[in-house]
Amino acid sequence: MSALATQHKAINLGQGFPDFSMSEELIGLVNKAMKNDFNQYSPMPGWPPLKEAIAEKIDFLYHTSVNPESEITITPGGTYAIYSALTAILHPGDEVIVFEPAYDSYIPNIEINGGRAIPINLVYPDYKSDSYRIDWDAVKNAISPKTKAIIINSPHNPTGSVIMEEDILQLKKIVEGTNIFIISDEVYEHLIFDDIPHQSILRYPELLERSFVCFSFGKVYNCTGWKLGYCVAPAELTKEFRKVHQFNCFSCHTPTQVALSEFLKNRDAYLSLSSFMQQKRDYFKRLMQDTRFTMHESHGSYFICGTYERISDENDRDFAIRVTKEAGVATIPVSVFYHNGKDDKVLRFCFSKKEETLDAAVKKLINL
Ligand SMILES: Cc1ncc(COP(=O)(O)O)c(C=O)c1O
């Protein structure tokens with residue numbers, strides 16, 4: 001959709017990236033690190049002061065003590081961390097439960113490792129929940145002796161739904177007494193709205209002991225192109241994770257790690273992100289009231305979904321392509337996040353944009 005947006009000079013509300021600048025201070029710190037000659041390989045698991053700063057942040061946010069040396073690994077992004085975790089644990093024939101719609105890397109990452117994805121549909125917003133939710137009975141029924149892992153993602157791409165404490169309790173019950181691993185994709189950790197606390201797996205020692213918890217600095221500091229993240233996992237799991245990491249990436253960009261080890265000390269920089277992005281969500285939602293889309297609720301991430309049932313009965317791919325070409329706004333048809341292309345006539349919009357970009361896009365969508 002981004003290529004189509006460029007081709008048709010459409011406003012890109014499809015791909016998830018901010019169109020505003022990141023922190024000048026952080027750019028300055030990378031610059032300083034380069035000038036100070038931090039330009040050679042850093043240690044394989046990551047720049048030690050950065051891992052220490054992450055451990056401090058985890059202690060501050062989630063009251064969990066994590067050993068920076070043996071339980072944190074710096075990675076080139078969150079996607080890579082998820083891939084490495086799957087590679088560390090999967091054997092041919094292993095099953096991994098994923099919730100659909102799902103971030104598009106999960107199923108290919110499972111399959112390339114010889115595993116089998118077991119997709120479970122999230123429940124479409126209904127009277128019980130204003131956003132998509134997990135059907136835990138369906139999860140119970142999907143567990144088999146081959147179940148190796150469950151991938152969870154909160155805040156969720158593409159739906160903007162979030163996991164609540166009740167979900168964690170259900171998850172605990174399901175995995176208790178099994179050898180099932182959890183891969184928790186928490187790249188939108190700081191993009192959570194409406195005063196809902198982020199239910200990080202890091203808060204729950206009984207879950208953390210079987211988990212790989214994956215994060216992305218790109219999402220926290222509005223620099224998705226930096227591709228830097230980290231994985232937190234117990235020492236035994238981290239050991240396996242690093243066997244993959246050592247011979248794949250080996251070590252990540254040093255000056256960026258040096259800069260982040262300083263910048264992480266500024267708590268406001270990450271704590272202020274939720275309210276900053278919530279304003280964008282609210283702004284976009286208000287504008288969309290003047291269109292014929294019916295918007296779902298989004299409690300987190302960069303995204304909000306909406307159905308176009310009142311506009312057209314086309315399938316979502318055709319509709320999204322037509323809207324890009326004719327109205328000049330690119331979005332993502334949500335069917336692409338289902339292995340079987342399930343089409344609920346829903347589009348995903350990225351609101352992590354300047355207000356003028358959102359204004360211009362909605363002006364075009366009003367005409368549909
Ligand atoms: C759910 C989810 N996980 C992971 C990522 C990727 O993070 P990174 O760019 O750090 O690989 C994204 C990016 O869009 C995402 O939406």
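Structural data are supplied above this passage.
Described in the following lines is the structure provided in the data block.

Looking only at helices and strands, the protein has 16 helices and 13 strands in total. Projected onto its principal axes, the C-alpha positions of the protein cover 55 × 55 × 35 Å. Here the protein, with 368 residues, has 59% of them falling under the buried criterion. Once local pairs closer than 6 in sequence are excluded, the contacts in the protein between residues at least 24 apart make up 75%. For the protein, the accessible surface area stands at approximately 15800 Å², while carbon and sulfur atoms represent 49% of it. Each charge class in the protein was averaged separately, 38 positive and 47 negative side chains, and the resulting centres sit 3 Å apart.

This part covers the pairing of strand β5 (residues 147-153). Most of β5 sits inside the fold, with seven of its seven residues counted as buried. In terms of strand pairing, β5 meets strand β6 (residues 181-185) through five bridges, oriented parallel. Bridging across to β6, I151 finds its partner in I183.

The terminal C-alpha atoms of helix α14 (residues 273-288) lie 23 Å apart, and with 16 residues this matches the ideal 22 Å at 1.5 Å per residue to within 8%. For α14, the complete set of buried residues consists of L273, S274, M277, K280, R281, Y283, F284, L287 and M288. The inward-facing, buried residues of α14 contact α10 (217-220), α13 (267-271), β9 (294-295), β10 (303-307), β13 (346-350) and α16 (355-365).

Looking at where M34 falls in the secondary structure, it is placed in helix α2 (residues 24-35). Sequence separation between M34 and T254 is 220 residues, and the spatial gap between their C-alpha atoms is 8.7 Å.

With that out of the way, let us pick up the packing of helix α3 (residues 48-62) against helix α12 (residues 254-263). Packing of α3 against α12 brings their axes to within 8 Å, and their N-to-C directions diverge by 35°. Viewed along their axes, α3 and α12 form a crossing whose handedness is left-handed. Counting all contacts with α3, which are made through P49, L50 and A53, the residues of α12 involved are Q257, L260 and S261. A class-by-class count of the residues in the contact of α3 with α12 yields four nonpolar, two polar and no charged.

Throughout the structure, instances matching the rule amount to 17 salt bridges. A salt bridge links R322 to E326, with the nearest nitrogen and oxygen atoms 3.3 Å apart. Highlighted residues: R322 and E326, both in helix α15 (residues 316-327), separated by four residues, approximately one helical turn. The partly exposed category is assigned to R322, whose relative accessible area is 27%. One network of salt bridges, with partners in common, ties together D194, R281, D282, K285 and E297.

Another point: the site of the ligand. Near the ligand you find 13 residues, and of these T79, D185, Y188, S216 and K227 are the closest. For the ligand, an oxygen atom lies 2.7 Å from a polar atom in the side chain of N157. K227 is positioned such that a nitrogen or oxygen atom in its side chain is 2.6 Å from an oxygen atom of the ligand. Its free accessible area being 400 Å², the ligand has 92% of it covered by the protein chains. Residues belonging to the shell around the ligand are distributed by class as follows: four nonpolar, six polar and three charged.

Spatially, β9-β10-β13-β12 is the arrangement adopted by the four strands of the open sheet, whose pairing is antiparallel. Unpaired on one side and paired on the other, β9 and β12 (332-333) mark the two borders of the sheet. Pairing analysis gives five bridges linking β10 to β13, with the strands arranged antiparallel. When the sheet's bridge partners are listed, G306 is paired in β13 with L347.

The next subject is α2. The terminal C-alpha atoms of α2 lie 16 Å apart, and with 12 residues this matches the ideal 16 Å at 1.5 Å per residue to within 8%. Residues L26, L29, V30 and A33 constitute the buried set of α2. Around the axis of α2, the buried residues are gathered within 100° of arc, so they sit on the same side. Summarising the geometry of α2, the exposed residues directed more than 90 degrees from the buried face are E24 and K35. On its buried side, α2 packs onto α12. Looking one or two residues past α2, D37 carries a phi angle of roughly 75°, positive in sign.

This part is about unusual backbone geometry. S154 connects to P155 through a cis peptide bond whose omega is -15°. Omega for the bond connecting N157 with P158 falls within 30 degrees of zero, at 15°, which places this linkage in the cis form. Topologically, P158 is positioned in the loop between β5 and α8 (165-175). Even without a glycine there, the phi angle at K9 is positive, about 50°. Assessed through its relative accessible area of 76%, K9 is described here as exposed. A positive phi angle, close to 60°, is found at D195, a residue other than glycine. If you trace the backbone, D195 turns up in the loop between β6 and α9 (205-208).

Basis of the calculations
- Residues numbered from 1 in each chain as written.
- Predicted model: local features only at pLDDT ≥ 70, side-chain atom pairs only at ≥ 80, totals over all residues.
- Heavy atoms only, no water.
- Helix = DSSP H or I, 4+ residues; strand = E, 2+ residues; numbered from the N terminus.
- Buried < 20%, exposed > 50% of the residue type's maximum accessible area, 1.4 Å probe, protein only.
- Contact = heavy atoms within 4.5 Å.
- Areas by Shrake-Rupley, 256 points an atom, 1.4 Å probe, with all protein chains shown as cover.
- Lys, Arg positive; Asp, Glu negative; His and termini not counted.
- Charge placed at Lys NZ, Arg CZ, Asp CG, Glu CD.
- Pairing = 2+ DSSP bridges.
- Expected span 1.5 Å × (residues − 1).
- Axes fitted to C-alpha atoms, helices over the stretch in contact; angles between N-to-C directions.
- Left-handed = near helix turned anticlockwise from the far one by under 90°.
- Nonpolar A, V, L, I, M, F, W, Y, C, P; charged D, E, K, R; others polar.
- Salt bridge = Lys/Arg side-chain N within 4 Å of Asp/Glu carboxyl O.
- Near = heavy atom within 4 Å.
- Polar contact = N/O pair within 3.5 Å; in protein donor to acceptor, adjacent residues only side chain to side chain.
- Arc of directions from axis to C-beta.

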